[in-house]
Amino acid sequence: FSAPPSEMPYKSTRGGCSGLSFSQAVTSGYAPDGGLLVPEHLPKLSAATLTSWRNLSFPDLAAEVIALFADDEISISELRKITSEAYGPNSFQAEGALPLKPVDLGDGKAPVLVLETFWGPTGAFKDIGLQTVCRLLDYFLAKQRRHAHVLVETSGDTGPAALAGCRGLSNVDIFCLFPKDRCSQIQELQMTTVIASNVHVYQTEGNTDDQANMLKDIFSDGDFVSRYTACSINSINFARVAVQSSYYIYTYLRACPTLDSPPPVFVVPTGAFGNCFGGYLAKRMGLPIAKIVAATNRNDIVHRAMSTGDWSLGDNMATLSPAMDIQMPYNLERLLFYCCNEQPGVLAPLMQRLEASGRTSLDPLILQSIAETFESVAVTDAQTIGVMSSLWQRERYAVCPHSAIGIQGAISLRQTFPASAPVVCVATAHVAKFEDAFRQATGQTAPSTPRIDVLRSLPTRFKVLKRTPEWRADWARELKSAVAELAGVRQESRDFEEAMYGQSLPTAPTYPVQAVRAAALELGVDKLVEALAEAFAGFVEGDAQVPPISHLTLGHGGDACIKAASMAKSKFWVVKVASGGFKTNVGLGFPSNSGLMLLFSRATGRLEATLADEGYLTELRTAAVGALAAKMLAPRGVECVGIIGTGVQARFQAKLLLAVTGATKVYIWGRTPSAVLDLKADLDHFAEVEIASSVKEVLYHCRVVVTVTASREPLVEAKDVHPGTHLTCVGADAPGKQEVDDQLLRIADLVVADSVGQCAAFGECAHAVRAGALKTSDIVELGNLVQDSHYKLRRGGGSDDRITLFDSTGVAVTDAAIAEAVLVQLQARHPRPRL
């Protein structure tokens, strides 16, 4: 290990290395001497810092906390982009990501506060750390132009969360081990149904301690680790616990109204001690915490070590809380490092005795230091079932067995807590993952989520590591061989290119969705609209080649659309692939839309870049085209805009219309009340929002209206449209959709289309053309309207009471224009993007 000097260097708890950078800590596993990495000095949280963070969202606060540990290797703006993606609505399906709910324990005392950390993609608190750490790992690997092999083992929750974070990353292959018959059925399915080219899942005939010990053997092979960039995102990775410390800070700021409030007690279910250490790290940085209670199941090594000093490894016992079935809580080493006054010479011999004999004892002075922060308790399966049952019967509040252990810890030790201290019980997993335990406790089926419901319908894939006489060496050998084989395949590909072309051909960069979105935001609405106007002008002037659109009907209700365009004045020709409608995506934690854009050189035909935008640019350019039409056709001085529909495009259209019209109010209508409320909550940050009871009410109040539904029969009737109104109808890529009646097309003073050919075939115009209510010769193309020769057709002043309608079906030249504009911005921001 070597690194440039760092303001926040890292070292091993055992003293064998120091001076590592944050990026090295993120891309590492164990330190070469077998220890764990920690900062050489901890940042401090001042009262002023905590006060300044009080009103931050959790994503923004998490970015600030990570920045304290990251030195200058990643900017705060990049961190905010990462955390906003990690904890955004497509990832965490709860308002604010981390709900804090008061729950009455029936003991006559104030309710405890249950911190629900399980609303991420896999329903476990591990998602909080891993959604960010995986993105950090990919970020640093991209900068270093390296490929990593992540080796992770799980007792049930870390594995699914790690796979959810790593799946699809170009710079990472992940190898995940889980023990046979020791995870719940849902936990196992969350791993074995992840079928991706960079995901490799193994079922072991052992337990989690067997897995951890074998991985430690691999990480002790320095040559292997260095050659193949082998690393871990278990909580041996310091970035995991650093991220987890952020939700203790976030919770403190919500539970304690002022810095003078009594500090809280946190009660934390624990196995490998990573969650508990996240809280300890926050306290050691200066966060006011009265106590942290470490609550274990029958695998009580943490409780024994803290209460008696007996740190001896026992048999790994199966319990109702499998994610805590651990006998080697490796993060306890980090706690002991600080309790030994950061003296590796004291800690290293203690750890070596434990690893050699399976037992050691803690000095009374160390126990005294631990007791300054921690209490501990061991909870039986019977007590776990009792808590799950009583909470359901009394409160109709469903908790998983791990969370129940934390709540039982509060019940058992509450009399020792400061009387006025808020008690926060950390709930670590969604109850749906442990349906057998919930049924045993209540006799009922556990509440579920769409993400979990879909798992049983998905195919599975995994390999098995058998319990041979030399299982530990055999497992390590098989994993090393698999890593080496993958690395060899990549090298063979490079060798082939050199043999064919005399050199290894450069790989076209792939820009992830976070980078694409950031570049688009930096461009701004005005520049995007300007680029689209130029594209439309070129389209009508014959400067573009646009082949027919291709459609595919796929499984689970999904479909795909493929468009391409080449503009004469552009350096690139572009292919856009977009998909949507997959009914199982919600259950898998994916957004309903996806896609990418491929930019090829017009000079050589070679792929120059991939924008892995997941459909974002399609949504953005559709709304930007609507904004372009509104700039020319919307009445001047409008105070409100109307949105008919509640999907993703409704949000885009509303925000861009507000930007180009100057309106301050939005009327919305949709068929599904819950979707309308969600849309209102999203738009409340941008404008005053009114929920309309009907489409007619929207049309009554608004002179700028957009329809963004999937309706196949008219929603807008001509008799309800007032003079001076401009409507944009966001169409489909295939026939059948209709949102306005034919009479409106007949009486409209001006009908504009992004493409007369497309709109007459399957846009809003199609119905009117077939019915004889509209002639294609009466339709004006947007590419003509943007040119000075047609300026008289644009909306005039307040006396212009024409009804205008813009039919938007999505022309491929707009995909080409926005792709090129974003790529130019990306190349300015990221001269060496992810490969």
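Everything quoted here is computed from the prediction, not taken from an experiment.

Enquirer: Quick rundown of the overall build of the protein? Include the residues and the values.
Expert: From N to C terminus, the protein includes 31 helices and 32 strands. In terms of overall dimensions, the protein has C-alpha extents of about 90 × 75 × 50 Å along its principal axes. Here the protein contributes 76 positively and 87 negatively charged side chains, and the mean placements of these two sets differ by 0 Å.

Enquirer: I'd like to hear about the side chain of Thr 661, residue by residue, with values.
Expert: By secondary structure assignment, the location of Thr 661 is in helix α24 (residues 648-661). Polar contacts involving the side chain of Thr 661 include one to the main-chain carbonyl oxygen of Leu 657, which spans 2.6 Å. In terms of polar contacts, Thr 661 uses its side chain to reach the backbone amide nitrogen of Ala 663, at 3.2 Å. Filtering out sequence-adjacent residues up to four positions away, Thr 661 remains in contact with Ala 634, Val 638 and Val 641.

Enquirer: Describe the sheet that holds strand β8 (residues 230-231), with residues and values.
Expert: Within the open sheet, the five strands sit side by side as β8-β5-β6-β7-β15. Their pairing is parallel. Each of the sheet's edge strands pairs with one partner strand only, and the pair in question is β8 and β15 (463-465). The sheet contact formed by strand β6 (residues 172-179) and strand β7 (residues 199-204) spans six bridges and is parallel. The residue of β7 that forms the bridge with Phe 178 is Gln 203. Sitting on the sheet, helix α8 (residues 208-219) is in contact with β5 (148-153), β6, β7 and β8, with an inclination near 150 degrees to β5.

Enquirer: I'd love a proper account of the sheet that holds strand β25 (residues 688-691), names of residues and values included.
Expert: Sheet architecture is open: eight strands sit in the order β25-β24-β23-β26-β28-β32-β30-β31, paired in parallel fashion. Each edge of the sheet is formed by a strand with only one pairing partner; in this case those strands are β25 and β31 (779-781). Strand after strand, the sheet turns through a mean of 20 degrees between neighbouring axes, direction not considered. Bridge analysis of strand β23 (residues 640-644) against strand β24 (residues 665-669) gives five bridges, and the strand direction is parallel. The residue of β24 that forms the bridge with Ile 644 is Trp 669. Against the sheet, α24 makes contact with β23, β24, β26 (704-707) and β28 (726-730), and its axis sits at roughly 165 degrees relative to β23, the strand it touches most.

Enquirer: How would you sum up the packing of aromatic side chains? Please name residues and give values.
Expert: Summed over the entire model, instances satisfying the criterion amount to 24 aromatic pairs. Look at Phe 337 and Tyr 338: their rings are 5.2 Å apart centre to centre, the planes differ by 75 degrees, and that puts the pair in the edge-to-face class. Each member of the pair, Phe 337 together with Tyr 338, is buried. By the ring-pair criterion, three or more aromatic residues cluster together here, those being Tyr 10, Phe 22, Phe 69, Tyr 139, Phe 140 and Phe 238. Positioned above the aromatic ring of Trp 471 is the side chain of Arg 467, whose terminal nitrogen or guanidinium carbon lies 4.2 Å from the ring centre.

Enquirer: How would you explain the environment of Asp 104 if you had to name every residue and give the values?
Expert: Note that Asp 104 resides in the loop between β3 (100-103) and β4 (112-116). With relative accessibility at 32%, the residue Asp 104 sits in the partly exposed group. The sequence separation of Asp 104 and Leu 391 amounts to 287 residues, and the corresponding C-alpha distance is 8.4 Å. Dropping the residues within four chain positions of it, Asp 104 is found in contact with Lys 109, Pro 111, Leu 391, Arg 394 and Glu 395. Polar contacts involving the side chain of Asp 104 include one to the main-chain amide nitrogen of Gly 106, which spans 2.8 Å.

Enquirer: Before we move on, could you go through helix α23 (residues 616-633) and cite the residues and values that matter?
Expert: Here α23 is 18 residues long and its end C-alpha atoms lie 26 Å apart, about the 26 Å a rise of 1.5 Å per residue gives. Within α23, 17 of the 18 residues are buried, leaving the element largely enclosed by the surrounding structure.

Enquirer: Tell me about the pattern of salt bridges, and please be specific about residues and values.
Expert: Note on pairing: side chains with opposite charge can pair once their charged atoms come close. For the coordinates displayed, the defined rule picks out 31 salt bridges. Put simply, Arg 304 and Asp 300 hold a salt bridge, and the shortest N to O gap is 2.9 Å. A single burial state applies to Arg 304 and to Asp 300, both of which are buried. One network of salt bridges, with partners in common, ties together Arg 14, Lys 216, Glu 333 and Glu 355.

Enquirer: So what about helix α29 (residues 764-771)? Which residues, and what values?
Expert: Among all positions of α29, only Glu 764, Cys 765, Ala 766, His 767 and Ala 768 are buried. One or two positions beyond α29, positive phi appears at Gly 772, with a value near 80 degrees.

Enquirer: How would you summarise the packing of helix α3 (residues 58-70) against helix α10 (residues 238-255) if you had to cite specific residues and measurements?
Expert: Running from amino to carboxyl end, α3 crosses α10 at an angle of 130 degrees, the nearest separation of the two axes being 9 Å. One way to sum up the angle between α3 and α10 is to call them oblique. Considering only the axes of α3 and α10, their crossing is right-handed. Seen from α3, the contacting residues are Phe 58, Leu 61, Ala 62, Val 65, Ile 66 and Phe 69; seen from α10, they are Phe 238, Ala 242, Val 243, Ser 245, Ser 246, Tyr 247, Ile 249, Tyr 250 and Leu 253. Partitioned by chemical class, the residues of the contact of α3 with α10 number 13 nonpolar, two polar and no charged.

Enquirer: Lay out the pairing of β6 in plain terms, naming residues and giving numbers.
Expert: Judged by how many residues are buried, β6 sits mostly within the fold: eight of eight residues are covered. Going residue by residue along β6, you find Val 172, Ile 174, Cys 176 and Phe 178 tucked away on one face and Asp 173, Phe 175, Leu 177 and Pro 179 tucked away on the opposite face as well. One crossover worth recording links β5 to the parallel β6 by way of helix α6 (residues 158-166), and it is right-handed. In this fold, the crossover linking β6 to β7 by way of helix α7 (residues 185-192) has right-handed handedness.

Enquirer: Can you tell me about the side chain of Arg 334, naming the residues and giving the values?
Expert: Of note, Arg 334 is situated in helix α13 (residues 332-339). As a buried residue without a salt bridge, Arg 334 has its nearest oppositely charged side chain in Glu 333, at a separation of 8.2 Å. Once residues lying within four places of it in the same chain are set aside, the contact partners of Arg 334 are Thr 13, Leu 36, Leu 37, Val 38, Ser 235, Ile 236, Asn 237, Phe 238, Val 241 and Phe 277.

Procedures and definitions
Residues numbered from 1 in each chain as written. Predicted model: local features only at pLDDT ≥ 70, side-chain atom pairs only at ≥ 80, totals over all residues. Heavy atoms only, no water. Helix = DSSP H or I, 4+ residues; strand = E, 2+ residues; numbered from the N terminus. Lys, Arg positive; Asp, Glu negative; His and termini not counted. Charge placed at Lys NZ, Arg CZ, Asp CG, Glu CD. Polar contact = N/O pair within 3.5 Å; in protein donor to acceptor, adjacent residues only side chain to side chain. Contact = heavy atoms within 4.5 Å. Pairing = 2+ DSSP bridges. Axes fitted to C-alpha atoms, helices over the stretch in contact; angles between N-to-C directions. Phe/Tyr/Trp six-rings, centres within 6.5 Å; stacked < 30°, edge-to-face > 60°. Buried < 20%, exposed > 50% of the residue type's maximum accessible area, 1.4 Å probe, protein only. Lys NZ or Arg CZ within 6 Å of the ring centre and 35° of its normal. Expected span 1.5 Å × (residues − 1). Salt bridge = Lys/Arg side-chain N within 4 Å of Asp/Glu carboxyl O. Parallel < 35°, antiparallel > 145°, perpendicular 65-115°, else oblique. Left-handed = near helix turned anticlockwise from the far one by under 90°. Nonpolar A, V, L, I, M, F, W, Y, C, P; charged D, E, K, R; others polar. Right-handed = clockwise from strand over helix to strand, strands pointing away.

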